[in-house]
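Residues per chain are reported as follows:
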Amino acid sequence: MAEQTFIMIKPDGVQRGLVGEIISRFEKKGFYLKGLKLITVDRPFAERHYADLSAKPFFNGLVEYIISGPVVAMVWEGKGVVATGRKLIGATNPLASEPGTIRGDFAIDIGRNVIHGSDSVESATKEIALWFPEGPANWQSSLHSWIYE
Ligand SMILES: Nc1ncnc2c1ncn2[C@@H]1O[C@H](COP(=O)(O)OP(=O)(O)OP(=O)(O)O)[C@@H](O)[C@H]1O
C-alpha cells in the first residue's frame, strides 16, 4: 500500500478558518485525501495521542489545547508523504519555520502551531489506527498518471 500519514488541524487552525487553505496545500502538492473528520476529542484520547510527550512540562497545556475545540483529523497518501508532509507543515516552533510552510505562514507560538503531522511511518500507522479505527477511505485518483511517472 502507498505511504500514508496522519495530519490534524488543531483547534486554533479550525477557529482561524485555515481548514480550506491547509487542505488545499496538500491537494495541490498531489497527495490524496484518504480520511477526513471534524472531531472534538476528550482528555483520555488526547493523552493517548500525545502519550510519548507525557513527561514533558508542557504536556498538560498541550492536552488542554487539543481538547479545547474541534480538530480536523485527516489521512493523506502519496510517495514520501510522511517526510514531505512535515516539510509542508514546517518546524515545530513557528518562528523558526520557513515562510512558505504552514506554520511559517500562519503561526507564531509553539503552543498554537495550527497543525500536527506524524513524524515517522511507524507513528503514522499508530496514529491512523487511533484516529480512524474504521480505516481510511479506499479510492484511487484518476489523476494518478499525471502526478507520477
Ligand atoms: N516547548 C513547548 N511548549 C509548548 N508546547 C510545545 C512545546 N514543544 C512542543 N509543544 C507542543 O507539542 C506538540 C508536539 O511536540 P513535538 O515535539 O512532537 O513537535 P512536532 O512533532 O513538530 O508537533 P506535532 O507532533 O504536533 O506535529 C507541538 O506541535 C506543540 O504544539
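Rules behind the numbers
- Residues numbered from 1 in each chain as written.
- Predicted model: local features only at pLDDT ≥ 70, side-chain atom pairs only at ≥ 80, totals over all residues.
- Heavy atoms only, no water.
- UniProt positions renumbered as here; feature names shortened; annotations may be inferred.
- Helix = DSSP H or I, 4+ residues; strand = E, 2+ residues; numbered from the N terminus.
- Buried < 20%, exposed > 50% of the residue type's maximum accessible area, 1.4 Å probe, protein only.
- Arc of directions from axis to C-beta.
- Contact = heavy atoms within 4.5 Å.

In the nomenclature of an unreviewed UniProt entry, the chain is known as Nucleoside diphosphate kinase of Arachis hypogaea. Under the heading Cofactor (unreviewed entry), UniProt records this for the chain: "Mg(2+)". Comment text from UniProt for the chain, heading Sequence similarities (unreviewed entry), reads "Belongs to the NDK family."

The UniProt entry lists His116 under the feature "active site" (unreviewed entry), expressed in the numbering used here. For His116, the location among the structural elements is in strand S4 (residues 115-117).

This paragraph deals with helix H5 (residues 81-89). Those residues of H5 that sit buried are Val81, Val82, Gly85 and Ile89. When H5 is viewed along its axis, its buried side chains cluster within an angular range of 95° and face the same direction. On the buried face of H5, the contacting elements are strand S1 (4-9), helix H2 (19-29), strand S3 (71-77), helix H6 (102-106), S4 and helix H7 (121-131). Just beyond H5, the residue with positive phi is Gly90, at close to 95°.

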